[in-house]
Amino acid sequence: MATLLIRPHPVICARRLVAAALMAVTLGACMSNPDTGKDAPLPVKSREDAQSWARQLTEHLAQAAGIQINDEPVRPVFTSCVGKNGELAPDDRFNLGYAVHSNVPNAQHNEAIRKIRDLLKNEGLKIIDYRETAGGQPSATVVARHPSSNYLVDVSSTAGNDRMVLGVDTPCLKPPPQ
C-alpha cells in the first residue's frame, strides 16, 4: 500500500514562515521597555499604530486556532491612563481595549482555546487563567500577559452560542510627540 504525501506549495510555506517570524518579533518587541520601574518611560505608540498592532495580534491568534474573525465592526476602546492615586497626565496617555468575535461551534471552543494557549506559551506569555468545561454550555477561557511589555490577551467563550471573543488590552501607552 502506497502512502500519499501531500506537501504545501513552497511559496505558501515560505510566506507562513516569514509571517510567523515577523509576528514573533513584532508582538514581543512592539511595546518592549527594558526599564520597568515606577518611573520608567512609557512605550510610545500612536492610537492608530496600537489599533493596527492589536488587529494583527487577534488575526494571529485566530489563525493559530484555525478560526475566522467575524466581519463585524470593531469598536476599539481608548481610555485615559489613570495613576495609582487617580491622577491623569496631560499628555494624552491611553490604554487600548480591542476585541473581535468569531463564530465557532460550541464543540470546538475547548480545542480553539488550547491552540491559543499553546501559541501564547510558546511566544513567551505567562498564562494567568485557563479554564475549559466539557459538555453543556461552552465555557473556555485563556488569559495571558506578556512579561516585558505587559499587554494582556483574553480569549473566551461568550454568552451567545457558537461565539468566542478574542481580546487585547494594552498597558499605558504614550502618543508620539506632535
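For the structure, check the block above.
Since we're looking at a predicted model, the values are computed, not measured.

Peer 1: When you look at unusual backbone geometry in this model, what are you seeing that I'm missing?
Peer 2: Apart from glycine, the bulk of residues carry a negative phi angle, and the bulk of peptide bonds sit in the trans form. Its identity is not glycine, yet aspartate 92 carries a phi of approximately 65°, on the positive side. Among the structural elements, aspartate 92 can be located in the loop between strand S1 (77–80) and strand S2 (94–103). For asparagine 150, which is not glycine, the phi torsion reads 70° and is therefore positive. Relative to the elements of secondary structure, asparagine 150 occurs in the loop between strand S4 (141–145) and strand S5 (152–157).

Peer 1: What's the story with the side chain of threonine 158 in this structure? I'm lost.
Peer 2: Examined against the element boundaries, threonine 158 turns out to sit in the loop between S5 and strand S6 (163–169). Residues contacting threonine 158, with those up to four places away along its chain left out, are His101, Arg163, Met164 and Val165.

Peer 1: For this particular structure, what's the right way to read helix H2 (residues 47–65)?
Peer 2: An α-helix turns once every 3.6 residues. As a result, residues three or four positions apart point the same way. Taking 1.5 Å per residue, 19 residues should reach 27 Å; H2 reaches 27 Å between its end C-alpha atoms and fits that length. Note on H2: the residue one or two positions beyond its end, glycine 66, has a positive phi of about 75°.

Scoring rules and cut-offs
- Residues numbered from 1 in each chain as written.
- Predicted model: local features only at pLDDT ≥ 70, side-chain atom pairs only at ≥ 80, totals over all residues.
- Heavy atoms only, no water.
- Helix = DSSP H or I, 4+ residues; strand = E, 2+ residues; numbered from the N terminus.
- Contact = heavy atoms within 4.5 Å.
- Expected span 1.5 Å × (residues − 1).

Geometric values such as these leave the question of function open.
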